[in-house]
Amino acid sequence: MPTNRTLKGDQLVSVEGELEPDGSSPALTLTAGLLGFALVCLDASIVNVALPAIGSSLGGGMSGLQWVVEAYTLAFAALMLSTGAFSDRAGASRAYALGAAVFTLASAACGLAPNLPALIGARVVQGVAAAVVLPASLALVRQAYADPARRARAVAVWAAGGSAAVALGPVVGGVLTTAWDWRGIFFVNLPVGALILALLLRAPRSQRRPAPLDVPGQVTAVVALTALTFAVIEGGTAGWTALGVAVVAAAAFLRVEARRPHPVVPLGLFRNRTVAVTVAAGAAVSVAFYSMVFVFSLFFQQVQSRSALAAGLMFLPMTGLIAVTNVVAGKLAGRYGARLPMVAGQALAVVGLLVLLYVDTGTPAVVVALLLVPMALGCALTVPPLTAAMMDAVPAERAGLAAGVLNSARQMAGALGIAAFGTLVSDGFVAGMRWSLGISATLLAVTLLLSCRLPGRARQPVG
């Protein structure tokens, strides 16, 4: 018989559900959940190396290429504040099926896009669907395993699938763009989406649970973030107008969140120093990592005139070590507390970013690829401990919500970093690249100093 059980301490989003009934296959449910998470992570990184090809095919200039990336990331980041609650209300299996189906159809629309506005619009829909897929996929995995030890291993496998997808994204994007066409990076999602939906036919329906939705808070957050990104990318009179809209929307968001009984972002969380520092550090890491993948994807192709495949392969040394480093970081945090690996990771990332300042147009691509490794390893060493530190700093009943805030902040920071640095490199690539590296290093240096004040060992949650 199915057993009702409340599970707390989710490290990504707040989602709950029923356990798999007897006779169903937890392994199939895990496979379905892993494929969905991997798919949405893949689409966050696969596009970068295809951007020059997209620009040659559809036009649009640097700002247009930035929006191809940002349309997905913004929708994904902003809506992830609420989609955990939506998954609870609809039931994880229903929400996941809906998200996977919409994501697959939107991928087909991306691949068939006749012009840049159509592609950007389809990318927005992809991002919305991805925001639903992520929490619902984790819910399915968690409810498939009643035993805590087996459940922990399953969640680790699910998380590893996302890390592997991020690592393979540039390489897969390069292969498809070179051997076929940039549209292939979207068409490759179709068979995977179909397989997910087929596997879901074997999964049990999840129970619907009451979960409050903060619609005003979510709407004002989307408006503020989108307007700010538009201001950074477009500039000019329209940019100043958008900046004004962003300021008004941000003020409205803060007012709404201070008054709502169930806000999407409880502002009181940030009175806890550990929460504030870990969110800031997570945001700084995302600015450095995702923005540098974007900038150097363009550097390899537009500055050094290399193919999309060659550009993708240049990221393999840095991305290939991320999953292993994540595991090492988790073990270090368990033994020494979160502060040590956080400080060490951010310090390594800062050094890596500063070394990259010496890269210019004549630097061999292989050397650049190797110089990207310290930055990536530093970021990979930082994220698991900061996530654990944040989870330890909040009560168990708020862990899922707090982790949703952390992940949304990281995605939003990455989106804003790409917007800002894309604008910088459009005015002179090498100079803009160095400004981008300097800004990223400065942000991480600040959060490094703040991280030094964190407790050395995990402490009891603050109510």
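Provided above is the structure to which this section pertains.
For every chain, the first residue of its written sequence is number 1, and the numbers climb from 1 along that sequence. Residues qualify for local features only when their pLDDT is at least 70, as the model is predicted, and side-chain atom pairs are given and counted only at 80 or more; totals for whole chains, interfaces and linings, by contrast, use all residues. The side-chain quantities take in all heavy atoms of the structure and omit both hydrogens and water.

1. Some remarks on the overall build of the protein chain
For clarity, the cut-off: Strands here are runs of E lasting at least two residues and helices are runs of H or I lasting at least four, both read from the DSSP assignment and numbered beginning at the N terminus. Three exposure classes are used, based on accessible area relative to the maximum for each residue type with a 1.4 Å probe and protein chains only: buried under 20%, partly exposed in between, and exposed over 50%. Accessible surface is estimated by sampling points in the Shrake-Rupley manner with a 1.4 Å probe; for residues, cover comes only from the protein chains shown.
Of the regular secondary structure elements, the protein chain holds 18 helices and 0 strands. Counting over 463 residues, the protein chain shows a buried share of 55%. Summed over its atoms, the accessible surface of the protein chain is roughly 18100 Å², and 67% of this surface lies on carbon and sulfur atoms.

2. Regarding empty space enclosed by the protein
As a reminder, the rule being used: Here a cavity denotes grid points, spaced 1 Å and computed from the protein atoms alone, that fit a 1.4 Å probe unable to get out, and a pocket denotes an open set having protein on both sides within 12 Å along at least 5 of 7 lines; residues with an atom within 4 Å of a point are the lining. Grid points are joined across faces, edges and corners, and a volume is the space filled by probe spheres set on the points.
Per the counting criterion, the structure on display carries 1 cavity of 30 Å³ or more. Roughly 140 Å³ of volume is contained in the largest cavity. In terms of lining, the largest cavity is formed by 15 residues, of which the most central are Ala44, Ser45, Asn48, Tyr290 and Ile418. The set of elements that each furnish at least two residues to the lining of the largest cavity consists of helix 1 (26–45), helix 3 (61–90), helix 6 (148–179), helix 11 (273–303) and helix 17 (399–426).

3. Considerations on the packing of helix 3 against helix 4 (residues 92–111)
This is how it is decided: To define axes, lines are fitted to C-alpha atoms, for helices over the stretch in contact only, and angles between the resulting N-to-C directions are given on a 0 to 180 degree scale. The scheme is simple: roughly parallel for angles under 35 degrees, roughly antiparallel for over 145, roughly perpendicular for 65 to 115, oblique for anything else. Contacts: residue pairs with any heavy atoms within 4.5 Å of one another. Each residue gets one label: Ala, Val, Leu, Ile, Met, Phe, Trp, Tyr, Cys and Pro are nonpolar, Asp, Glu, Lys and Arg are charged, and the others, such as Gly, are polar.
Packing of helix 3 against helix 4 leaves a shortest axis separation of 9 Å and a crossing angle of 150 degrees. Relative to helix 4, the element helix 3 lies roughly antiparallel. On helix 4, the residues that touch Tyr72, Phe86, Ser87 and Ala90 of helix 3 are Ala92, Arg94, Ala95, Leu98 and Phe103. Within the contact of helix 3 with helix 4, the residues separate by chemical class into 7 nonpolar, 1 polar and 1 charged.

4. Here we look at helix 10 (residues 236–259)
Along an α-helix, a turn takes 3.6 residues, which lines up residues three or four apart on a common side. How we decide: For a helix, the expected span equals 1.5 Å multiplied by the residue count minus one.
Between its terminal C-alpha atoms helix 10 stretches 35 Å, which fits the 34 Å expected from 24 residues at 1.5 Å a residue. Within the sequence span of helix 10, burial applies to Gly239, Ala242, Ala246, Ala249, Phe253, Val256 and Glu257. Against the buried residues of helix 10 lie helix 9 (215–234).

5. Notes on unusual backbone geometry
A positive phi angle, close to 55 degrees, is found at Ser305, a residue other than glycine. As for its position among the elements, Ser305 is in the loop between helix 11 and helix 12 (308–314). Relative accessible area serves as the criterion here: at 62%, Ser305 is assigned to the exposed category.

6. Focus on the pattern of salt bridges
Under the convention used in this document: Salt bridges, as used here, are contacts in which a Lys or Arg side-chain nitrogen is within 4 Å of a carboxyl oxygen on Asp or Glu.
Inspection of the entire model under this criterion finds 2 salt bridges. With a closest N to O distance of 4.0 Å, Arg183 and Asp181 form a salt bridge. Judged by its relative accessible area of 29%, Asp181 is partly exposed.

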